[in-house]
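What follows is each chain in one-letter form.
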Amino acid sequence: MKSKVDIAIIGGGIIGLMTAFELAKRGEESIAVYEKRYIGSGSTFRCGTGIRQQFGDPANIQMMKRSVEKWKTLGEDMEFPKFKFAQTGYLFLLYSEKEVENFKKNVQLQNSYGIPSRIISPEEAREIVPGLDISEVIAASWNHTDGKANPFLAVYGLSRALKRMDVEINEYTEVQEIMVKDSRITGVKTSKGEVKADIVLNAANAWAKILNQKLGLDFPIEPYKHQGIVTEPFKLGEIKPMVVSFKYGGAYLTQKANGGLIGGIALKYGPTWDLTPTYEFLREVSKNFTKIIPALKYMSIIRQWGGYYAETPDHNAVIGKIEEIEGYYLAAGFSGHGFMLAPAVAEGMAELITKGHTSLPLDFYDPYRFKRGELREQAIQMG
Ligand SMILES: Cc1cc2nc3c(=O)[nH]c(=O)nc-3n(C[C@H](O)[C@H](O)[C@H](O)COP(=O)(O)OP(=O)(O)OC[C@H]3O[C@@H](n4cnc5c(N)ncnc54)[C@H](O)[C@@H]3O)c2cc1C
């Protein structure tokens, strides 16, 4: 492990790794990532794989538009063509006039940024996913340019690319303290020794607050337990898009490339560090999924897991330069949408670090908005 680097990144999740990749692409030569367990082991490997541009505010829509552009070429960019962004769409099922009105407004906003989402009939929704129960559905919000990607392949591809680019990835290396002198970053103290650095990015997501508090900083990011399931495989192509139903448990579900179904519901516990899977979740997920696609009652769930949504009061992340400490940056608190946002966040963060500004709307995620009492509109969130 090097004893001095230019940029130290805390957290080997999708945000830390993707930001390291963007920095290395911009010619930064001395970057190290510190991960207390193995890369991806935080929220990233526990995510539902969904990538969507159907948000209800301009910033998240623009960020996701940029992210989707980057997801499309990531396999090539990492020189790992096995990684593929499956552009199979997102289908929100709508059951009441009020829901339709809200989604119409969102679609209008999305369309104004060039996202081709539209409101479709229940019959059209069933053409896209033949197994849907549309007896209570009155419309759906559909965008074919949304999709999904495999987080394991994304992380593996990034780690290979980073090694090629001489970025140091230190697994099982916990950052115990961020070192500061005269209000400037001087490095990190890790479980394997001290490393000097001028710039530190805290990309520790659910754990970001622990390190911030040691510095006397307080940004509200709390760990909530959410859970996911996968089923045994079934005939491929049956559930191509991510299907979302707020009426039935805030459920999201889709079929993975290997044929199994992956998804979850909006049952959360916390704030807590306990990730033990619950029987309540298993029961509720089964009840709600089978309301959406009745044939799922014939499938067996083969795995269930818990993971953190690192939540802020408005479910939007905390991203930016930390004013109190020169050289300190934060990108954490991504709730249920950090995987999808990672390419644009990484690009914006790399620009911020190397040029001091970015054209992406990172201001929306301003860490100081909570102190000023300027919460954003709640981000649309599943699970
Ligand atoms: C059930 C579930 C479903 C989800 N579905 C989706 C979805 O469909 N789409 C989507 O976009 N998002 C989804 N998410 C959210 C997504 O997983 C996260 O927002 C995203 O992975 C955050 O990435 P990250 O790199 O910020 O955090 P993480 O992946 O959590 O990475 C942070 C890393 O920091 C490390 N770390 C912490 N403290 C230290 C320290 N002191 N020193 C060194 N390392 C440290 C941790 O070990 C961890 O690996 C879901 C999450 C869950 C739990």
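How each quantity is defined
Residues numbered from 1 in each chain as written. Predicted model: local features only at pLDDT ≥ 70, side-chain atom pairs only at ≥ 80, totals over all residues. Heavy atoms only, no water. Helix = DSSP H or I, 4+ residues; strand = E, 2+ residues; numbered from the N terminus. Rg over C-alpha atoms; globule rule 2.2 N^0.38 Å. Buried < 20%, exposed > 50% of the residue type's maximum accessible area, 1.4 Å probe, protein only. Areas by Shrake-Rupley, 256 points an atom, 1.4 Å probe, with all protein chains shown as cover. Axes fitted to C-alpha atoms, helices over the stretch in contact; angles between N-to-C directions. Left-handed = near helix turned anticlockwise from the far one by under 90°. Contact = heavy atoms within 4.5 Å. Nonpolar A, V, L, I, M, F, W, Y, C, P; charged D, E, K, R; others polar. Near = heavy atom within 4 Å. Polar contact = N/O pair within 3.5 Å; in protein donor to acceptor, adjacent residues only side chain to side chain. Domains from an automatic or database assignment. Core = buried A, V, L, I, M, F, W, Y, C linked by side-chain atoms within 4.5 Å. Pairing = 2+ DSSP bridges. Salt bridge = Lys/Arg side-chain N within 4 Å of Asp/Glu carboxyl O.

Peer 1: Summarise the overall build of the protein chain; cite the residues concerned and give the values.
Peer 2: If you tally the helices and strands in the protein chain, you get eight helices and 20 strands. Its C-alpha radius of gyration of 20 Å places the protein chain within 12% of the 21 Å reference for a compact globule of 383 residues. Burial analysis of the protein chain (383 residues in total) assigns 59% to the buried set. A total accessible area of about 15,600 Å² is found for the protein chain, and carbon and sulfur atoms account for 50% of it.

Peer 1: I'd like a description of the packing of helix α1 (residues 14-25) against helix α5 (residues 151-164), backed by residues and values.
Peer 2: The geometry of α1 relative to α5 is characterised by a closest axis approach of 10 Å and an angle of 35° between their N-to-C directions. Read as a crossing pair, α1 and α5 show a hand that is left-handed. Contacts between α1 and α5 involve Ile 14, Leu 17, Met 18, Ala 20 and Phe 21 on the former and, on the latter, Ala 154, Val 155, Leu 158, Ala 161 and Leu 162. Taken together, the residues that form the contact of α1 with α5 break down as ten nonpolar, no polar and no charged.

Peer 1: A description of the site of the ligand should follow, citing residues and the corresponding values.
Peer 2: Taken together, 38 residues lie around the ligand, and Glu 35, Ser 43, Thr 44, Gly 48 and Met 340 are the ones closest in. Backbone polar atom of Phe 339 to an oxygen atom of the ligand: 3.1 Å apart, as the coordinates give it. Protein chains shield 98% of the accessible area of the ligand, which is 1,000 Å² for the free molecule. Two domains each provide a minimum of three residues to the shell around the ligand, namely domain 1 (7-46 + 152-221 + 314-369) and domain 2 (87-145 + 222-311).

Peer 1: Any details on the nonpolar core? Residues and values, ideally.
Peer 2: Counting 73 residues, the largest nonpolar core has Ile 9, Ile 14, Ile 51, Trp 71 and Ile 319 as the members making the most contacts within it. Top contributing element to this core by residue count: helix α8 (residues 338-355), with eleven residues. Here Ile 9 is in contact with Gly 16, Thr 19, Ala 20, Leu 23, Ile 31, Ala 32, Val 33, Tyr 34, Leu 201 and Ala 203, once residues within four sequence places are set aside. Of all hydrophobic cores here, the second largest spans 29 residues; its members include Ile 10, Ala 32, Ala 206 and Ala 208.

Peer 1: Any chance you could break down the side chain of Lys 148 for me, citing the residues and the numbers?
Peer 2: Take Lys 148: it is sitting in strand β8 (residues 147-149). The contacts of Lys 148, once residues within four sequence positions are left out, are Thr 49, Ile 51, Lys 84, Phe 85, Ala 86, Thr 88, Ile 239, Lys 240, Thr 254 and Gln 255.

Peer 1: Explain the sheet that holds strand β7 (residues 139-143) to me, and be specific about the residues and the numbers.
Peer 2: One open sheet accounts for eight strands, arranged β6-β7-β5-β15-β16-β17-β14-β18; its pairing is mixed. Because the sheet does not close on itself, it has two edges, and the strands there are β6 (118-120) and β18 (301-311). Pairwise comparison of adjacent strand axes, ignoring direction, gives a mean angle of 25° for this sheet. Judged from the five bridges that link them, strand β5 (residues 90-94) and β7 form a sheet pairing that is antiparallel. Paired with Leu 93 across the bridge in β7 is Ala 140. Of the strands in this sheet, β5, β14 (222-231), β15 (242-245), β16 (251-255), β17 (261-264) and β18 touch helix α7 (residues 279-292), which is tilted by about 55° from β14.

Peer 1: Give me the lowdown on the pattern of salt bridges, citing residues and values where you can.
Peer 2: For side chains of opposite charge, pairing can occur when their charged atoms come near one another. Considering all chains together, one arrives at 21 salt bridges under this definition. We note a salt bridge from Glu 177 to Lys 189, for which the minimum N-O separation is 3.9 Å. Within this pair, whereas Glu 177 is found in strand β10 (residues 175-181), its partner Lys 189 is found in strand β11 (residues 184-190), the two being separated by twelve residues in sequence. The class for Glu 177 is partly exposed, based on a relative accessible area of 35%. For Lys 189, a relative accessible area of 29% translates into the label partly exposed. Asp 314 is the salt-bridge partner of Arg 369, the closest N and O atoms lying 2.9 Å from each other. With a gap of 55 residues between them, Arg 369 in the segment after α8 and Asp 314 in the loop between β18 and β19 (318-321) connect regions that are remote in the sequence. Each member of the pair, Arg 369 as well as Asp 314, carries the same accessibility label: buried. Connected via shared salt-bridge partners are Glu 22, Lys 25, Arg 26, Arg 66, Glu 69, Lys 70, Glu 347 and Glu 351.

Peer 1: Which residues make up the pairing of β19, and what values do they have?
Peer 2: If a strand is regular, its side chains alternate between the two faces of the sheet. Pairing geometry for β19 and strand β20 (residues 328-332), over four bridges, is antiparallel. Across the sheet, Val 318 pairs through a bridge with Ala 332, a residue of β20.

Peer 1: Any details on the pairing of β20? Residues and values, ideally.
Peer 2: In terms of residue burial, β20 counts as a mostly covered element, since five of its five residues are buried. Burial of β20 is two-sided: the residues Tyr 328, Leu 330 and Ala 332 facing one way and the residues Tyr 329 and Ala 331 facing the other way are all buried. The pairing of strand β13 (residues 199-202) with β20 spans three bridges and is classified as parallel. Its bridge partner lying in β20, Asn 202 is registered against Leu 330. In textbook terms, the turn of a hairpin is the stretch between consecutive antiparallel strands, and for β19 and β20 this stretch comprises six residues, one of which, Gly 327, has a positive phi near 95°.

Peer 1: So what's going on with unusual backbone geometry? Residues and values would help.
Peer 2: Residue Pro 271 follows Gly 270 across a cis peptide bond; omega there is 5°. Here Pro 271 is to be found in the loop between β17 and α7. Positive phi, close to 75°, is recorded for Thr 49, a residue that is not glycine. For Thr 49, the location among the structural elements is in the loop between β2 (31-34) and β3 (50-51). If you check the backbone angles, Ser 335 has positive phi at about 50° while not being a glycine.

Peer 1: If you had to explain the side chain of Asn 316 to someone new, which residues and values would you point to?
Peer 2: Residue placement: Asn 316 occurs in the loop between β18 and β19. Residue classification places Asn 316 among the buried residues on the basis of a relative accessible area of 1%. A polar atom in the side chain of Asn 316 sits 3.3 Å from the backbone oxygen of Glu 377. The residues touching Asn 316, leaving out its near neighbours within four places in the chain, are Asn 60, Gly 333, Phe 364, Tyr 365, Arg 369, Arg 376, Glu 377 and Ala 379.

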